[in-house]
Amino acid sequence: MFQPKKKRPRIRRTMSGLIALTLLSSLVFPSVAGAEPAEPSQVQFANVSVQAGQTVHVPVALKKSHFGVKAYNMQIDYDTSALEIVRITPKSVNVISTSPNEDGVADFQYQINNAEGWVRIIWVDFTGGDHSIVDETQLFDMEIKAKSNATPGTKQLSVDQTDSEHWHFTNVEYQSYTELSGGTITITAANSGGDNSGSTPTPNPGNSSGGGGGGGSVSPTSPVITPVPSTPAVTKGVDIYVNGQKQEQSATATTSTVNNQVTTTVHVDNEKVINQIGSGLKTLLLPITGTGKGAVVGELNGKLVKTMEGSNAEVVIQTDSGTYTLPANQIQVDQILNQFGSTVPLEDITIQIAIVPSATSKQTAIQAAADKLENTTVIAAPIDFEVKAIWNGQQVNVDRFNSYVERSITLPEGVDGSKITTGVVLQPDGSLLHVPTKVIKGNGQDSAIINSLTNSTYALIYHPATFSDVSSHWSRVDVQDLASRLIVQGTGENVFAPDRSITRAEFTAVLLRGLGLHSPRSTEAASFTDVNTGSWYEDEVQTAVSYGLISGYADDSFRPNNEISRAEALTIVSRAMKLVGLAQADASETTSLLSTYSDSAKVQAWAAEPVASAIKQELVQGADGKLMSDADISRAQSAAIVKRLLAKAGLI
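This structure is a prediction, so every number in the text was calculated from the model and none was measured.

S.K.: Would you take a moment to explain the overall build of the protein for this structure?
M.R.: Helix and strand counts for the protein come out as 12 helices and 30 strands. Surface summary for the protein: the accessible area is close to 26,700 Å², and the carbon and sulfur share equals 48%.

S.K.: Can you help me understand the packing of aromatic side chains in this one?
M.R.: Applying the stated criterion across every chain, the model contains 10 aromatic pairs. Look at Tyr72 and Phe169: their rings are 5.3 Å apart centre to centre, the planes differ by 15°, and that puts the pair in the stacked class. Here Phe169 lies in strand S10 (residues 167-171) and Tyr72 lies in strand S4 (residues 69-77), a separation of 97 residues in the sequence. Residues Tyr72 and Phe169 agree in their burial class; the two are buried. Considering the side-chain rings of Phe467 and Phe496, the 5.4 Å spacing of their centres and the 45° angle between planes classify their relative orientation as tilted. Highlighted residues: Phe467 in the loop between strand S30 (457-462) and helix H6 (476-484) and Phe496 in the loop between H6 and helix H7 (504-515), separated in sequence by 29 residues. Grouping aromatic residues by their ring pairs yields a cluster made of Tyr72, Trp123, Phe140, Trp167 and Phe169. One cation-aromatic arrangement involves Arg407 over Phe385; the distance from NZ or CZ to the ring centre is 5.6 Å. Residue placement shows Arg504 over the ring face of Phe558; its charged tip is 4.6 Å from the ring centre.

S.K.: For this particular structure, what's the right way to read the confidence of the model for the protein?
M.R.: Low-pLDDT stretches of the model should not have their predicted coordinates read in fine detail. Scored by pLDDT, the protein has a mean of 82; 82% of the residues are at 70 or more. The secondary-structure element of the protein with the lowest mean pLDDT is helix H1 (residues 15-28), recorded at 47, while H7 shows the highest, at 97. Counted against residues more than four places away or in other chains, residues 1-17, with its pLDDT under 50, gives 49 contacts. Within the model, pLDDT remains below 50 along residues 23-37, and this stretch shows 28 contacts once partners closer than five positions in the same chain are excluded.

S.K.: Got a minute to help me understand the nonpolar core in this structure?
M.R.: Nonpolar side chains in soluble globular proteins tend to end up buried together. With 62 residues, the main nonpolar core has Leu515, Leu517, Leu549 and Leu645 as its most contacted residues. Those elements that place two or more of their residues in this core are H6, H7, helix H8 (538-546), helix H9 (566-580), helix H10 (587-595), helix H11 (605-616) and helix H12 (635-648). With 9 residues, the single largest contributor to this core is H9. Setting aside anything within four residues of it in sequence, one finds Leu549 in contact with Leu512, Leu515, Leu517, Ala544, Ile572, Arg575 and Ala576. Grouped together as the second largest cluster of nonpolar side chains are 54 residues, Val268, Ala389, Val396 and Val435 included.

S.K.: Can you help me understand unusual backbone geometry in this one?
M.R.: Peptide bonds are, in most cases, trans, and in most cases residues other than glycine have a negative phi. The phi dihedral of Asn375 falls on the positive side, at around 60°, and the residue is not glycine. Relative to the elements of secondary structure, Asn375 occurs in the loop between helix H5 (360-372) and strand S24 (377-391). Here Glu618, not a glycine, exhibits a phi torsion of approximately 65°, which is positive. One can find Glu618 in the loop between H11 and H12.

S.K.: I tried to follow the pairing of strand S21 (residues 314-318) on my own but got confused; where do I start?
M.R.: Along any regular strand, the residues point their side chains to alternate faces of the sheet. When you tally the buried positions in S21, you get 5 out of 5 residues, the bulk of the element. Judged by which residues are buried, S21 turns out to be covered on both faces: Glu314, Val316 and Gln318 on one side and Val315 and Ile317 on the other are all buried. Sheet analysis places strand S19 (residues 283-287) next to S21, joined by 5 bridges and oriented parallel. In the sheet register, Leu286 faces S21, and the bridge partner there is Ile317.

S.K.: What am I meant to see in the sheet that holds strand S13 (residues 184-188) here?
M.R.: The pairing of strands in a sheet comes from backbone hydrogen bonds and takes either a parallel or an antiparallel form. Spatial ordering of the open sheet is given by S2-S13-S9, a layout of 3 strands whose pairing is mixed. Strands at the two margins of the open sheet, each flanked by one partner only, are strand S2 (48-51) and strand S9 (153-156). Strand after strand, the sheet turns through a mean of 30° between neighbouring axes, direction not considered. Here S9 pairs with S13 via 4 bridges, running antiparallel. Considered in S13, the bridge of Lys155 is made with Ile185.

S.K.: Teacher, can you tell me more about the packing of H6 against H12 here?
M.R.: Each pair of packed helices can be summarised by the angle the axes make with each other and by the distance between the axes. For the pair H6 and H12, the least separation of the axes is 9 Å and the interaxial angle reads 70°. In this view, H6 runs roughly perpendicular relative to H12, as classed from their interaxial angle. Between H6 and H12, the residues in contact are Val477, Asp478, Val479, Asp481 and Leu482 and Ala636, Ala639, Ala640, Val642 and Lys643, respectively. Within the contact of H6 with H12, the residues separate by chemical class into 7 nonpolar, no polar and 3 charged.

S.K.: Hey, could you run me through the packing of H10 against H11 in this one?
M.R.: As a packed pair, H10 and H11 sit with axes 9 Å apart at the nearest point and diverge in direction by 70°. Taken together, H10 and H11 sit at an angle that is classed as roughly perpendicular. Residue-level inspection shows Glu589, Thr590, Leu593 and Leu594 of H10 in contact with H11, the latter providing Ala608, Glu609, Val611, Ala612, Ile615 and Lys616. Among the residues forming the contact of H10 with H11, the class breakdown is 6 nonpolar, 1 polar and 3 charged.

S.K.: Explain the pattern of salt bridges to me, please; I cannot follow it from the model alone.
M.R.: Side chains that differ in charge, positive against negative, can pair when their charged atoms come close. Summed over the entire model, instances satisfying the criterion amount to 17 salt bridges. Linking Lys246 and Asp239 is a salt bridge whose minimum nitrogen-to-oxygen distance equals 3.9 Å. Note on Lys246: relative accessible area 42%, which makes it partly exposed. Note that Glu618 is salt-bridged to Lys648, the shortest N-O span being 3.0 Å. Linking Glu618 in the loop between H11 and H12 with Lys648 in helix H12, this pair joins segments that are 30 residues apart in sequence. Given the relative accessible area of 30%, Lys648 is considered partly exposed.

S.K.: How should I be thinking about the environment of Ala612 in this particular structure?
M.R.: Mapped onto the elements, Ala612 comes out in helix H11. As for Ala612 and Ser595, which are separated by 17 residues in sequence, their C-alpha atoms are 9.8 Å apart.

S.K.: Just to check I follow, could you spell out H9 for this structure?
M.R.: Given 3.6 residues per turn, any residue in an α-helix points the same way as the ones three and four places further on. Here H9 is 15 residues long and its end C-alpha atoms lie 20 Å apart, about the 21 Å a rise of 1.5 Å per residue gives. The buried fraction of H9 amounts to 13 of the 15 residues, a majority that puts the element mostly inside the structure. Phi turns positive one or two residues past the end of H9, at Gly581, with a value near 85°.

S.K.: Is there a simple way to explain the side chain of Arg635 in this structure?
M.R.: Within the element layout of this structure, Arg635 appears in helix H12. At 5.2 Å, Glu506 is the nearest oppositely charged side chain to Arg635, a buried residue that forms no salt bridge. Here the side chain of Arg635 touches Gln489 through a polar contact of 2.8 Å, landing on its backbone oxygen. Reaching out from Arg635, the side chain makes a polar contact with the backbone oxygen of Ala497 at a distance of 3.3 Å. Once you skip the residues sitting within four places of it in the chain, Arg635 turns out to touch Gln489, Gly490, Thr491, Phe496, Ala497, Pro498, Arg500, Ser501 and Ile502.

S.K.: Would you mind showing me how to read helix H4 (residues 333-340) here?
M.R.: Listed as buried for H4 are Val333, Ile336, Leu337 and Phe340. The arc that holds the buried residues of H4, viewed along the axis, is 100°, so those residues lie on one side.

The rules we used
Residues numbered from 1 in each chain as written. Predicted model: local features only at pLDDT ≥ 70, side-chain atom pairs only at ≥ 80, totals over all residues. Heavy atoms only, no water. Helix = DSSP H or I, 4+ residues; strand = E, 2+ residues; numbered from the N terminus. Areas by Shrake-Rupley, 256 points an atom, 1.4 Å probe, with all protein chains shown as cover. Phe/Tyr/Trp six-rings, centres within 6.5 Å; stacked < 30°, edge-to-face > 60°. Buried < 20%, exposed > 50% of the residue type's maximum accessible area, 1.4 Å probe, protein only. Lys NZ or Arg CZ within 6 Å of the ring centre and 35° of its normal. pLDDT = per-residue confidence, 0-100. Contact = heavy atoms within 4.5 Å. Core = buried A, V, L, I, M, F, W, Y, C linked by side-chain atoms within 4.5 Å. Pairing = 2+ DSSP bridges. Axes fitted to C-alpha atoms, helices over the stretch in contact; angles between N-to-C directions. Parallel < 35°, antiparallel > 145°, perpendicular 65-115°, else oblique. Nonpolar A, V, L, I, M, F, W, Y, C, P; charged D, E, K, R; others polar. Salt bridge = Lys/Arg side-chain N within 4 Å of Asp/Glu carboxyl O. Expected span 1.5 Å × (residues − 1). Lys, Arg positive; Asp, Glu negative; His and termini not counted. Polar contact = N/O pair within 3.5 Å; in protein donor to acceptor, adjacent residues only side chain to side chain. Arc of directions from axis to C-beta.

This is how it looks when you write it as structure tokens:
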């Protein structure tokens, strides 16, 4: 399979190894006297807000650099009485590897010490200075948890910038004088009546998924059905948070019971929020806990959503059962306005963002579908995530998005997150299909983070899968992980056939299942001469075409049953990289990346950039110094590439 391109000095993943790498970083790129510019480089920690017992993402970005950073190290200190580090995730596209292995040392390493309250992070460009980190680049993401007993207030992430072992940036021309800003964490109290332990991340700017424009959609208008509450509505003032700052009495919460379902609706004071934040809004947090398994609906008007859209802001609905993080531009206010009529005032349109326990009928359908799958258990009750726009007795549903939208489901207390293999979406035909899911550990309760391009009903399942013919195969971990996620399937009783070639239709289907793309994004029909109506792959081909993943041959054929070459597979994968927001290789990078392989001349022109992009993102590395782009790709190799794609994009 694909092996590392070159050996590197072995350094263990210990603090001594990190210190050794720190020293190496200061030696690889020596400073030049007198080359330091008048203005320092700038590194920024995001300022964030988090509720006690919850987790939050803190992006760390290089905001200004005069010559590009070639190596850095930093030790970040924090208050252990209130905070703990969950994980560090590298975000710079220049990072080649993120953990040391038997063959070498990683470019990016970190060590967390929650007992003493520090995390050490180190990165070195081992390419000899060809991949510097430049302005406006996120270096890494810190996932930080506010302890459940944390006292409300502010905590500061700090760095001793006078100690070179704690703060050191090296550029091509000089040892950089680099200033740090930000790092304030505002901890808010857990609302009364609810257990807020668990993990509910706020949006991670470095992990936003890019997608082609025009893919989102809203449904046609339909009459609003307003059920009659069976209990009197109770209204009280609630606090919301704008950019981490509490906005007292800027919303009211109304709780009532409808059809035995307790529903809390949060009405935001739209004008008050707009007047307070102007055009600087980034995050609007509605933390509504203490409702147990009840439904929670956040209400904003179209004017506020449009203001947020212009600021690239997002709204976060935080509940006991889960969290919905929705970028305002994915609500698609302009499309909604077209449905109602372009003259309708935006402030008259109500936008509802809801987290609702699924109806009994859906729970029954999910259990029935799980029973049809071998060795499958449904973990926790399913949840509906919904977005609706309402005006003058009519409503439209926002069903699809242009990029992946994150939501989380909090596991019931006592449920171990390791017993979840994936999240699934309930299909109209009653089947369950994979959606990209990762589990976040918490002190008392774990959470499952689901990313999807649609709104739907989501459930969590445990579906362990093994195959006898991969038990000692290099692909065992990748294959069994993807099988447990319902992405790949065996070829027979407990058999996977890892070394068998895979067809173009099969590879397309595996990639789509991995990405959670289960239906076309548009109604435009694909027209291939050899994709027959009723074939098992007809829907997969239609979906892949609608997302721009496949285009077929010049003779209007797709050749679904032909074995797919590595170059063809990586061309499809490179298009998927755009969808998940992974950077591709440009022309200069393409030449450089391919030139290190002895058979690079055999890579055809149409495949050069896709192959280089896959190398850049570490999806492939070649074997014995060769790419073998014309060779058939195997089922095991396909599984490994798809898993690397999803992991690199932060989807699993």
